[in-house]
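What the coordinates show
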Amino acid sequence: MIVTLASRKGGSGKSTIAINLTLVLLGGRLKQNVALIDADEQRSSINILKRYKRENLTIYGATIDKPNRPSDILKTINTKNTHVIFDTAPHSQEMMYECALKSSLVIIPVQPSLLDVDALEKTIKALLTIRTLAEEGQIQKAPECYFIINRAKAGTILAYQIKQQLKKMYPNFPIMKTVLGEREVYKQSLFTGQSVMEYDRKSDAAQEIKNLAKELNGIYHKGK
Ligand SMILES: Nc1ncnc2c1ncn2[C@@H]1O[C@H](COP(=O)(O)OP(=O)(O)OP(=O)(O)O)[C@@H](O)[C@H]1O
Ligand SMILES: [Mg+2]
């Protein structure tokens, strides 16, 4: 599968999810190849993942110019036997659009705050443009696009309220069942360059990331 983490809202959790998704796919029973393409010039994902050399993982940095645009890099990867994860920047509509256009799945992390929901307009606009291209037959298929609630705090109803708001505003964009909690281990694990599973396999965060991978696999195989 080719997955883009997309949101024009800064700090929503794109890189955190990209890193953990990359490593959970890599560590799965099937020992699949994974390519992480960091399309943010800040290179957050690369900076964390480069600390360990991992078999079957290739890391790329994309730029807005040829020959390293996301689509140029994608052409060099055998996507039949490699999962690809695009981590995108909050400030570039063009890069996000290109990554999403080439993807089978797009995940949009949303923090449980109305300010975050209000900031989704540009992201959704790009994804709707891609859907229109598919409807007009200009591309084969638009990616499946899902919101994921990230940084939900235990014991509050905010995540529920935000889900209701998302359903109202964007009824054609489903919300993933998996919710990621606000957990220190998501931050702690970065210090060691590890995923939350590697850092503490018994943590709630590790379970959440496994659930995320499982749910994504299900969506991907259903949509094929
Ligand atoms: N579920 C979580 N629990 C605790 N902290 C989190 C969680 N998700 C993200 N964070 C923290 O929130 C901050 C922003 O996350 P991250 O860098 O992944 O977002 P981003 O969308 O990639 O940001 P940018 O738009 O700047 O690229 C980081 O400090 C990260 O460690
Ligand atoms: Mg980031």
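This text gives an overview of the structure that appears in the document. Within each chain, residue numbers correspond to sequence positions counted from 1 in written order. The naming scheme follows written order: chains are lettered A onward, ligands numbered 1 onward. Note on the predicted model: pLDDT of at least 70 is required for a residue's local features to be given, and 80 or more for side-chain atom pairs to be given and counted; whole-chain, interface and lining totals, by contrast, use all residues.

It is worth spelling out the overall build of the protein at this point. Summing up its helical and strand segments, the protein has 10 helices and seven strands in all. The globule rule puts the C-alpha radius of gyration for 224 residues at 17 Å, and the 16 Å found for the protein is close to it. Principal axes of the C-alpha set define a box for the protein whose edges measure 45 × 45 × 35 Å. Neighbour density around each residue's C-beta defines its exposure: 20 or more other C-beta atoms within 10 Å make it buried, 12 or fewer make it exposed, and counts between make it partly exposed, where C-beta atoms are placed from the backbone. Counting over 224 residues, the protein shows a buried share of 42%. Taking contacts inside the protein between residues at least 6 apart in sequence as the whole, the part at least 24 apart equals 72%. Runs of H or I in DSSP of at least four residues are treated as helices and runs of E of at least two as strands, each being numbered from the N terminus. Each radius of gyration is computed over the set of C-alpha atoms, and the globule rule expresses the reference value as 2.2 Å times the number of residues to the power 0.38. By the criterion used throughout, residues are in contact when their C-beta atoms, derived from the backbone, lie within 7 Å.

Another aspect to go through is the site of ligand 1. Nearness here is judged by the C-beta atom: place it from the backbone, and if it falls within 6 Å of a molecule or strand, the residue counts as near that partner. In the vicinity of ligand 1, 17 residues are found, and the nearest of them are Gly10, Lys14, Ser15, Thr16 and Pro90. Of all the elements in the fold, those that place two or more residues in the shell around ligand 1 are α1 (14-26), β6 (144-152) and α8 (184-191). Under the grouping applied here, Gly and all other residues not named as nonpolar or charged are polar, the nonpolar ones being Ala, Val, Leu, Ile, Met, Phe, Trp, Tyr, Cys and Pro and the charged ones Asp, Glu, Lys and Arg. Here the residues of the shell around ligand 1 are counted per class, giving three nonpolar, eight polar and six charged.

With that settled, the discussion passes to helix α4 (residues 93-101). Most of α4 is tucked away: seven of the nine residues are buried. Buried within α4 we find Met95, Met96, Tyr97, Glu98, Cys99, Ala100 and Leu101. Looking at the packing, one finds that the buried side of α4 touches β1 (2-5), β2 (33-39), α3 (70-75), β4 (82-88), β5 (105-110) and α6 (121-135).

Another point: unusual backbone geometry. Of the consecutive residues Lys66 and Pro67, the connecting peptide bond is found in the cis state with omega at 5°. For Pro67, the position within the fold is in the loop between β3 (57-61) and α3. Of note in this structure, Arg43 is not a glycine but carries a positive phi near 60°. Inspection of the secondary structure puts Arg43 in the loop between β2 and α2 (44-49).

Here the focus is the packing of α4 against α6. Close contact between α4 and α6 brings their axes to 10 Å; oriented N to C, the two are set at 40°. Considering the angle they form, α4 stands oblique to α6. Judged by the twist between their axes, the crossing of α4 over α6 is right-handed. Contacts between α4 and α6 involve Gln93, Met96, Tyr97, Ala100 and Leu101 on the former and, on the latter, Lys122, Ala126, Leu127 and Ile130. Within the contact of α4 with α6, the residues separate by chemical class into seven nonpolar, one polar and one charged. The angle between two axes is taken between their N-to-C directions and runs from 0 to 180 degrees, where each axis is a line fitted to C-alpha atoms and a helix contributes only its stretch in contact. Orientation labels follow simple angle bins: below 35 degrees gives roughly parallel, above 145 gives roughly antiparallel, 65 to 115 gives roughly perpendicular, and whatever is left gives oblique. Note on convention: the crossing is left-handed when the near helix lies turned anticlockwise from the far helix by less than a right angle, right-handed when the turn is clockwise.

Let's shift gears to the pairing of β3. Think of it this way: DSSP has to see at least two bridges between two strands before they count as a pair. Across five bridges, the pairing between β2 and β3 is parallel. Residue pairing for β3: Val34 is matched across the bridge by Leu57. Here is how to tell: hold the view so the strands point away, follow the path from the first strand over the helix to the second, and if it runs clockwise the crossover is right-handed. A crossover connection joins β2 to the parallel β3 through α2; in handedness this β-α-β unit is right-handed.

With parallel pairing, the seven strands of this open sheet are ordered in space as β3-β2-β4-β1-β5-β6-β7. Both edges of this open sheet fall to β3 and β7 (180-181), since each of them pairs with a single strand only. Where β1 and β5 come together, three bridges link them in parallel fashion. Across the sheet, Val3 pairs through a bridge with Leu105, a residue of β5.

Let's shift gears to the environment of Asp40. Its location among the elements puts Asp40 in the loop between β2 and α2. Judged by the 23 C-beta atoms lying within 10 Å of it, Asp40 falls in the buried class. What Asp40 contacts, discounting residues up to four positions off in sequence, is Asp87, Thr88 and Ala89.

Scope: geometric values only; no functional claims are made or implied.
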